[in-house]
Amino acid sequence: MRKIFCISAGQLQTKKRDLLIHRRNRYLNYGLLSLASILKRNGFDTIQIQGNFDSPEHTLSLCIEHGILRSNAPVLVSIPSFYAIGWTNRFLTELKRLLPKKKIIIGGRWVVDGQIEDMKGLVPLADIVCDGVAESRILKLVTGNENATQLYSDKSEISQDASLDYTLLHERNLYQPSIEISRGCGMKCSFCQERDEPLTPLKDPGIILKEAQSTFMDDGLTPMNFYLEASLFASNQEWSEQLEFEVSNSSIPRFNWRTEARVDSIRVKHLEYLYRAGLRVVDLGLESASCNQLIAMNKSVKPKNYLAKASELIKAAHNLGIMVKVNILLYAGETLATIDETLTWLDIHAHYITGVSVGPVIVFGWESNVKSYLRELSLLGASVASKPITGITHINLSEEIDYEKSLELAAWIGKRYCDEKNYFALKSFSYFSRDYGFDEFLSDSKPVSEQLNYRISRG
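A few points on the structure. (Residues numbered from 1 in each chain as written. Predicted model: local features only at pLDDT ≥ 70, side-chain atom pairs only at ≥ 80, totals over all residues. Heavy atoms only, no water.)

**Re the sheet that holds strand β10 (residues 323-330)**
Thought 1: Spatial strand order, β6-β7-β8-β9-β10-β11: six strands in an open sheet with parallel pairing. The open sheet terminates on both sides in strands that have one partner only, identified here as β6 (178-180) and β11 (355-360). Averaged over all adjacent pairs, the angle separating strand axes in this sheet is 20°, with direction ignored.
Thought 2: As judged from the three bridges shared by β6 and strand β7 (residues 226-229), these two strands associate in the parallel manner. Within β7, the position partnered with Ile179 by the bridge is Leu228. (Pairing = 2+ DSSP bridges. Helix = DSSP H or I, 4+ residues; strand = E, 2+ residues; numbered from the N terminus. Axes fitted to C-alpha atoms, helices over the stretch in contact; angles between N-to-C directions.)

**With respect to unusual backbone geometry**
Thought 1: Despite not being glycine, Asn52 shows a phi value in the positive range, around 50°.
Thought 2: Of note, Glu171 is a non-glycine position whose phi angle comes to about 55°, a positive value.
Thought 3: Within the element layout of this structure, Glu171 appears in the loop between α7 (138-143) and β6.

**A closer look at the nonpolar core**
Thought 1: Membership of the largest hydrophobic core comes to 66 residues, with the highest contact counts inside it found for Phe233, Phe255, Trp257, Leu286, Val326, Leu346 and Val356.
Thought 2: Here this core gets six residues from one element, more than from any other, and that element is helix α12 (residues 303-320).
Thought 3: Counting 34 residues, the second-largest nonpolar core is a separate cluster that includes Trp87, Leu95, Leu99 and Val111. (Core = buried A, V, L, I, M, F, W, Y, C linked by side-chain atoms within 4.5 Å. Buried < 20%, exposed > 50% of the residue type's maximum accessible area, 1.4 Å probe, protein only.)

**Describing the layout of surface pockets**
Thought 1: Roughly 300 Å³ of volume is contained in the second largest pocket.
Thought 2: Lining the second largest pocket are 18 residues, with Arg23, Arg26, Asn52, Asp54 and Glu171 sitting closest to its centre.
Thought 3: If you list the elements that add at least two residues to the lining of the second largest pocket, you get β2 (45-50) and α3 (56-65).
Thought 4: Considered class by class, the residues forming the lining of the second largest pocket number five nonpolar, six polar and seven charged. (1 Å grid on protein atoms, 1.4 Å probe; cavity = no way out; pocket = protein on both sides within 12 Å on 5 of 7 lines; lining within 4 Å. Points joined across faces, edges and corners; volume = space filled by probe spheres on them. Nonpolar A, V, L, I, M, F, W, Y, C, P; charged D, E, K, R; others polar.)

**Observations regarding the packing of aromatic side chains**
What describes a pair of aromatic rings is the distance from one ring centre to the other and the angle between the planes of the rings.
Thought 1: One pass over the full model with this rule turns up 17 aromatic pairs.
Thought 2: Here the aromatic rings of Tyr423 and Phe441 are separated by 6.1 Å at their centres, their planes lie at 15°, and the arrangement is stacked. Residue Tyr423 is found in helix α16 (residues 420-430), and its partner Phe441 is found in helix α17 (residues 438-445); the two are separated by 18 residues along the sequence. Considered together, Tyr423 and Phe441 belong to a single accessibility category, that of buried residues. (Phe/Tyr/Trp six-rings, centres within 6.5 Å; stacked < 30°, edge-to-face > 60°.)

**Concerning a nonpolar patch on the surface**
Thought 1: Taken together, Ile64, Leu69 and Leu98 make up a surface patch of nonpolar side chains, about 220 Å² in accessible area.
Thought 2: Tracing the sequence through the fold places Ile64 in helix α3.
Thought 3: Residue class for Ile64 comes out partly exposed when judged on its relative accessible area of 31%. (Patch = residues over 30% accessible without salt bridge, like charges linked within 9 Å, V, L, I, M, F, W, Y side chains within 5 Å. Areas by Shrake-Rupley, 256 points an atom, 1.4 Å probe, with all protein chains shown as cover. Salt bridge = Lys/Arg side-chain N within 4 Å of Asp/Glu carboxyl O.)

Here it is as structure tokens:
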């Protein structure tokens, strides 16, 4: 049997405080689903299983249930984060114990990052390490045939007819789906992994709706929403109008969606079209309201203009009924004074904001790849706090704010601007399992309320 198992590596613990509430998230590996879909279109029987925060042994048991012991095809393991390395090694140890000759192909664009030999050392049971994106060569990797040709072989841009096949995803009904609409960014923000990746054009709205129609489920669980994935959502007037037209003429009963954007990548005059086209949540990468910090992180050379645009956008979105989650990055050189600048700005706009996600800058990458960036941070007053695992470097932001203090501040700021109702509304829209209800969420939250980054109302 040539059934190909595509495994998205899970994590043994969460990135933030390791609480049950954080383990409720289901982060879809849509890049792996793209590969699984390509293999399906090329005649393979494929299945994608997400590790999530389940044990590697549990994931392996699902693989056995679906026939991995009877398959002689390679296994694909996508490693989305350095946090997933421990999980991966445990999974592969158990898999190789049962199937010692099974070929294992691992990948993970931002984890491998050109360091193939280092990656082989970190995951020694892998037979092949794939660097970069793999759409153009996945058939060659799986078959071992360098002359293999496939139906879809685009190298970097998103093929306009290459949709994600959600029927391949185990427990697909529990995931809020994503539709990838563009890649790259190229805006040069110092902390961003895609700062030098050129932005590709947005996918045609007609194709987006076609994908949504093939994926949408109306099954009594939390309403199914879509995340339009783009590192930089940069719509123009024509695209916005066309998306509104496609939605209004679609047979899909409800097309509500979310996306991530920069303050200066969405024009206020486009918001009304986008709202009518189904936009209901924007993750807005504000990062800071301190002019000095915005300049330091290369977010803007004209921070006052940048903040004025942010203010206009947030107010306009709120008035239309679009939820805005503001992302704040505590960056190198941060002090209580710069944080106070950000808090003052957020206080003024609190009425228009649904939630605030806050975290300190963490440096991801192999030591050889991040040396220059760490030097850049040190010039701003930061220093290395610890390197808990390979590929992860925690930072003391300044002499005033060390790493542990930055975590405390992040949680405190989150509580200041988000209660449990808004937190659940944002998380259930995109990340919580679709069978996870508000009452169960409250039951998980109340015993650990002091450790959360949102506040629990009394009563």
